[in-house]
Amino acid sequence: MKHSIRKQISLIFIGLLAGVLMLCWFINSMFLEEYYKYSKEVKINSAYEKINRAAGGSESLKLEALQDLTITCFQDNILAVVIDLNSRIVYASPNGGDEFVFSLVKYRIGGYRGIEPDTLEHFSFDKSSAEYLGRFGTLENGNAYLICTPLESIRDSAMISNRFLGYVGSAMALLGG
């Protein structure tokens, strides 16, 4: 059966569009969550640098670093808490960092075996708790710190993005067809 050149070109473009959208969806599904995690790791390490900078130096440097850290915690959904050697709170992020003081005290007294301090890890604080990506350990001045972000928000973001791409792709395929 003979098809007009217009129909053939239309089918080729529809096929290419569908193929590109499926490839984008596949790449998103496979790599987007890992990319989000990598991005959060960079932000957590940046928050650690800000905390460490605030721990030493002059009062004006400390104040500036803590203000910058507070903004970072709000913008990037990062929870941070720092306690001194007497387990007093030195800093707790306003978006919920004080909830983790007990966990940090537990770390201080050796309650987290098998988790390497000062490295990025996936962890949860107890069996029923949510999973977090974060790090904890001891700053240069001896204060203990905990910086983390919930992994659930990363997974939700990737899932929402993939769903949106699926809806847009389906709509484009239907409109193009």
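Residues numbered from 1 in each chain as written. Predicted model: local features only at pLDDT ≥ 70, side-chain atom pairs only at ≥ 80, totals over all residues. Heavy atoms only, no water.

Enquirer: Honestly, the pattern of salt bridges in this entry has me stumped. Any pointers?
Expert: Opposite charge on two side chains makes pairing possible when the charged atoms of those side chains draw close. Summed over the entire model, instances satisfying the criterion amount to seven salt bridges. Between R155 and E131 there is a salt bridge, with its nearest N and O atoms 3.4 Å apart. In this pair, R155 is assigned in helix α4 (residues 151–176) and E131 in the loop between β3 (121–123) and β4 (132–138), connecting sequence segments 24 residues apart. A single network of salt bridges, built from pairs that share partners, joins E33, E34, K37, E131 and R155. (Salt bridge = Lys/Arg side-chain N within 4 Å of Asp/Glu carboxyl O. Helix = DSSP H or I, 4+ residues; strand = E, 2+ residues; numbered from the N terminus.)

Enquirer: Sorry, what's going on with the nonpolar core here?
Expert: Across soluble globular proteins, nonpolar side chains have a tendency to be buried as a group. Ranked by size, the top nonpolar core spans 17 residues in total, and within it I51, L139 and I147 carry the most contacts. Secondary structure elements with two or more residues in this core: α1 (5–55), α2 (59–76), β1 (79–83), β5 (144–150) and α4. Sort the elements by how many residues they give to this core and α1 lands first, with five residues. If you look at the next biggest cluster of nonpolar residues, it comprises seven residues, including L79, V81, Y132 and L146. (Core = buried A, V, L, I, M, F, W, Y, C linked by side-chain atoms within 4.5 Å. Buried < 20%, exposed > 50% of the residue type's maximum accessible area, 1.4 Å probe, protein only.)

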